[in-house]
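Commentary on secondary and tertiary structure
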Amino acid sequence: IHPLHNWSTPSSITCEQGCDNQIRKLFGWNASTMGRFHQVNGPKYRYSMGGLANKPLYKGDFDHLKTELPGFDLQIGMACVLGNIFGNFAPTAAEFEPKLFTDLLPAVQDEEALVITVYVRTNRADNMAIDEAHNQSIRAEKELKPGDFLPGHASIARCIEEQYLTGVKEPDLGTLSRVVWMVISDSIATKQHADEVYTSEDLNSQIPLEKQKWKNKVIPRQILYTSARGVHTRPERNPGTRDFAEGFIDWYLIGESDAVITERISSFGPTGAMRTNRPLFRTTQMGNCSYSVPVLLEKDAKDKK
């Protein structure tokens, strides 16, 4: 990220009626300048350009792109694109996450660690934005019951851990020093709860000795999370640089893991996994980690409805 500049919404931008035309004016995009480029139709994603369709990304949304670029593999291609856009963090990123370079990046990039992103969206950020919009007091975070959100994620994460510890997954892996859960959430209480409940001094001891790949080796589980407050960046909140920077750092860290666990509908986790083409698991798999799911969904009957 070169570097984290001021991302505050310009005063000239008001998005009550949609941002598409105003964003084009802001960047000087008009018929004469765009005419010099060959445009490819792509999806208007969520609310980013003022659209009203609240939906995840679907493969079919990119049919025009695949037609224009024969042989383009969507999932690998998008990882290449996002990887080229977003390089390494600028030093200024530490202003928004003090632990980024000292604790977080060294852990998630540790070659001897199994790193699992646990992305938990509790809708706290949405509720807070609604309360603010209605000039109501922000509801207490303890009402969210953070423990209610984690068991589905934890069952998948434990399944992945067991596959590595028994050698079912990556049987040629030479060593494993620790397991790291990178917990990303819009709820500070949920992140703290994960640390309190799921930190473990030795996961390997929970595996029968005859099934352990690394016999009697102490392999701890470490819970990490950022200091992000989990605030919403919707335009009516007048979000500032810190709001965007915290969200972006969380999103970037998702792609630094070996596996990503998320809910079905939320797009924050899947697009973070897409950046580095990481295997994605959803809580709807009910603890079954024998297969990963595509980042981009197929439309099913429920989605079409």
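The shown structure was predicted, so the numbers you read here are calculated from the model rather than taken from an experiment. (Residues numbered from 1 in each chain as written. Predicted model: local features only at pLDDT ≥ 70, side-chain atom pairs only at ≥ 80, totals over all residues. Heavy atoms only, no water.)

**Describing the sheet that holds strand 4 (residues 259–262)**
Spatial strand order, 3-2-1-4-5: five strands in an open sheet with parallel pairing. Of all the strands in the sheet, the pair left with one neighbour each is strand 3 (221–224) and strand 5 (280–282). Here the strands of the sheet are splayed against their neighbours by 20 degrees on average, with no regard to which way each runs. Taken together, the three bridges between strand 4 and strand 5 define a ladder with parallel strand orientation. From the neighbouring strand, Val260 faces strand 5, where its bridge partner is Leu280. Along the sheet face, helix 8 (residues 188–198) touches strand 1 (113–120), strand 2 (178–185) and strand 3 and points at about 155 degrees away from the line of strand 2. (Pairing = 2+ DSSP bridges. Helix = DSSP H or I, 4+ residues; strand = E, 2+ residues; numbered from the N terminus. Axes fitted to C-alpha atoms, helices over the stretch in contact; angles between N-to-C directions. Contact = heavy atoms within 4.5 Å.)

**Topic: helix 10 (residues 268–276)**
Burial analysis of helix 10 places seven of its nine residues in the buried class, the great majority of the element. Among the residues of helix 10, those classed as buried are Gly269, Pro270, Thr271, Gly272, Ala273, Met274 and Arg275. Just downstream of helix 10 lies Asn277, where phi reads positive at about 55 degrees. (Buried < 20%, exposed > 50% of the residue type's maximum accessible area, 1.4 Å probe, protein only.)

**Observations regarding the pattern of salt bridges**
Within this structure, the stated rule accounts for six salt bridges. In this structure, Arg221 engages Glu161 in a salt bridge whose closest nitrogen and oxygen atoms are separated by 2.8 Å. Taken together, the residues span a long stretch of sequence, with Arg221 in strand 3 and Glu161 in helix 7 (residues 151–165) at a distance of 60 residues. Per residue, the accessibility class of Arg221 equals that of Glu161, and both read buried. One salt bridge in this structure joins Arg242 and Glu246, with 3.6 Å as the shortest N-O distance. Here the residue Arg242 and the residue Glu246 both occupy positions in helix 9 (residues 241–254), the gap between them amounting to four residues, near one helical turn. Take Arg242: its relative accessible area is 35%, and that puts it in the partly exposed class. Given a relative accessible area of 6%, Glu246 falls into the buried group. Overlapping salt bridges bring together Arg229, Arg242, Asp243 and Glu246 as one network. (Salt bridge = Lys/Arg side-chain N within 4 Å of Asp/Glu carboxyl O.)

**Quick notes on the pairing of strand 4**
Residues Ala259 and Ile261 of strand 4 are buried on one face, and the alternating residues Val260 and Thr262, pointing to the opposite face, are buried as well. Across three bridges, strand 1 lies against strand 4 in parallel orientation. Residue Val118 lies in a different strand from strand 4, and its bridge partner there is Ile261.

**Thoughts on the side chain of Arg178**
Relative to the helices and strands, Arg178 is located in strand 2. Excluding residues within four positions of it along the chain, Arg178 makes contact with Pro106, Ala107, Asp110, Glu112, Ala113, Leu114, Ile219, Pro220 and Gln222.

**Here we look at the nonpolar core**
Ile116, Ile160 and Trp181 are the most contacted members of the largest nonpolar core, which totals 28 residues. Among the secondary structure elements, those contributing two or more residues to this core are strand 1, helix 7, strand 2, helix 8 and strand 4. Ranked by residue count, the leading element in this core is helix 7, at seven residues. Contacts of Ile160, omitting those with residues within four sequence positions, involve Leu114, Ile116, Ala259, Ile261, Phe281 and Cys289. If you look at the next biggest cluster of nonpolar residues, it comprises 26 residues, including Ala93, Met182, Leu253 and Val260. (Core = buried A, V, L, I, M, F, W, Y, C linked by side-chain atoms within 4.5 Å.)

**Points about the packing of aromatic side chains**
Enumeration over the complete set of coordinates arrives at six aromatic pairs. Between Phe86 and Trp251, the aromatic rings sit 5.4 Å apart at their centres with planes inclined by 75 degrees, giving edge-to-face as the arrangement. Taken together, the positions of Phe86 in the loop between helix 4 (74–85) and helix 5 (100–108) and Trp251 in helix 9 put the pair 165 residues apart, joining distant regions of the chain. Exposure remark for Phe86: the relative accessible area of 22% places this residue in the partly exposed category. Site record: aromatic cluster; members linked through ring pairs are Phe86, Phe248 and Trp251. Sitting over the face of the ring of Tyr225, Lys99 holds its NZ or CZ atom 5.3 Å from the ring centroid. Between the NZ or CZ atom of Arg275 and the centre of the ring of Tyr252, over which it lies, the distance is 3.7 Å. (Phe/Tyr/Trp six-rings, centres within 6.5 Å; stacked < 30°, edge-to-face > 60°. Lys NZ or Arg CZ within 6 Å of the ring centre and 35° of its normal.)

**What about the side chain of Gln285?**
Along the chain, Gln285 falls in the loop between strand 5 and helix 11 (301–304). One polar contact links the side chain of Gln285 to the main-chain amide nitrogen of Arg282, over a distance of 2.8 Å. Discounting chain neighbours no more than four positions away, the residues touching Gln285 are Ile156, Leu280, Tyr291 and Val293. (Polar contact = N/O pair within 3.5 Å; in protein donor to acceptor, adjacent residues only side chain to side chain.)

**Things to note about the confidence of the model for the protein**
Residue-level pLDDT values for the protein average 77, and 66% of them are 70 or greater. By mean pLDDT, the top-scoring element of the protein is strand 3 (98), and the lowest-scoring one is helix 11 (38). Note on residues 300–305: pLDDT under 50 across the span, and five contacts to partners over four residues away in sequence or across chains. (pLDDT = per-residue confidence, 0-100.)

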